[in-house]
Amino acid sequence: MIMEGGVMGPVEEAVRSDVEQLGDLVGVEPSLSELAYTLAGRIDAAATGQCETCGEPVAQDDKLLPQLTRELRQTLAQLLEGRAADDDDDLGDLGSPD
């Protein structure tokens, strides 16, 4: 969610950078990454007190911030969870006689 003037907030910018480092996204990873971007944009909007649609200042409602933060952490953990199995060294089984 890009804020007014085409500028991303700091949380969304960091999340996009982190996801970009994962390389090619496969399976459900594109969906999870889009969810992460949306959640990060909502967190940035709540933190800055800007309307998500128009970017105008609004009364800050940070009651949702803890819930959004937890959801973002869980979404990012799911993205990384699928990668943990892929990180095995292809040569790690050289010691086995098979």
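That block above? That's the structure.
My aim in this report is to walk through the structure given alongside it, one point at a time.

Thresholds applied
Chains are numbered independently. Their residues run from 1 in the order of the written sequence. For this predicted model, a pLDDT threshold of at least 70 governs which residues receive local features, and a threshold of 80 or more governs which side-chain atom pairs are given and counted, while totals over whole chains, interfaces and linings are taken from all residues. Hydrogens and water are ignored here; the side-chain numbers use all heavy atoms of the structure. The way it works is that DSSP assigns letters per residue, a run of H or I at least four long becomes a helix, a run of E at least two long becomes a strand, and they are numbered from the N terminus. Any residue under 20% of the maximum accessible area for its type is buried, any over 50% is exposed, and the rest in between are partly exposed; the area is computed with a 1.4 Å probe on protein chains only. All accessible-area figures derive from a Shrake-Rupley calculation using a 1.4 Å probe, and residue coverage is judged against the displayed protein chains alone. Fitting a line to C-alpha atoms yields each axis, with helices limited to the stretch in contact; the angle taken between N-to-C directions then spans 0 to 180 degrees. Angles below 35 degrees are treated as roughly parallel, those above 145 as roughly antiparallel, those between 65 and 115 as roughly perpendicular, and all remaining angles as oblique. Each crossing is labelled by how the near helix is turned from the far one, with a counterclockwise turn of less than a right angle marking it left-handed and a clockwise turn marking it right-handed. Here, two residues are considered to be in contact whenever any of their heavy atoms come within 4.5 Å of each other.

### Focus on the overall build of the protein chain
Here is step 1 of the chain: Helices and strands together make up the secondary structure of the protein chain, namely three helices and zero strands.
Here is step 2 of the chain: Taking all 98 residues of the protein chain together, 24% fall into the buried category.
Here is step 3 of the chain: On the protein chain, roughly 6,800 Å² of surface is accessible, and the fraction owed to carbon and sulfur atoms is 52%.

### Points about the packing of helix H1 (residues 10-20) against helix H2 (residues 29-48)
Here is step 1 of the chain: Viewed as axis vectors pointing N to C, H1 and H2 meet at an angle of 160 degrees, and their least axial separation amounts to 7 Å. In terms of their interaxial angle, H1 and H2 are classed as roughly antiparallel. Note on packing geometry: the crossing formed by H1 with H2 is right-handed. Contacts between H1 and H2 involve Pro10, Val11, Glu12, Val15, Arg16 and Val19 on the former and, on the latter, Ser33, Ala36, Tyr37, Ala40, Gly41, Ile43 and Asp44.

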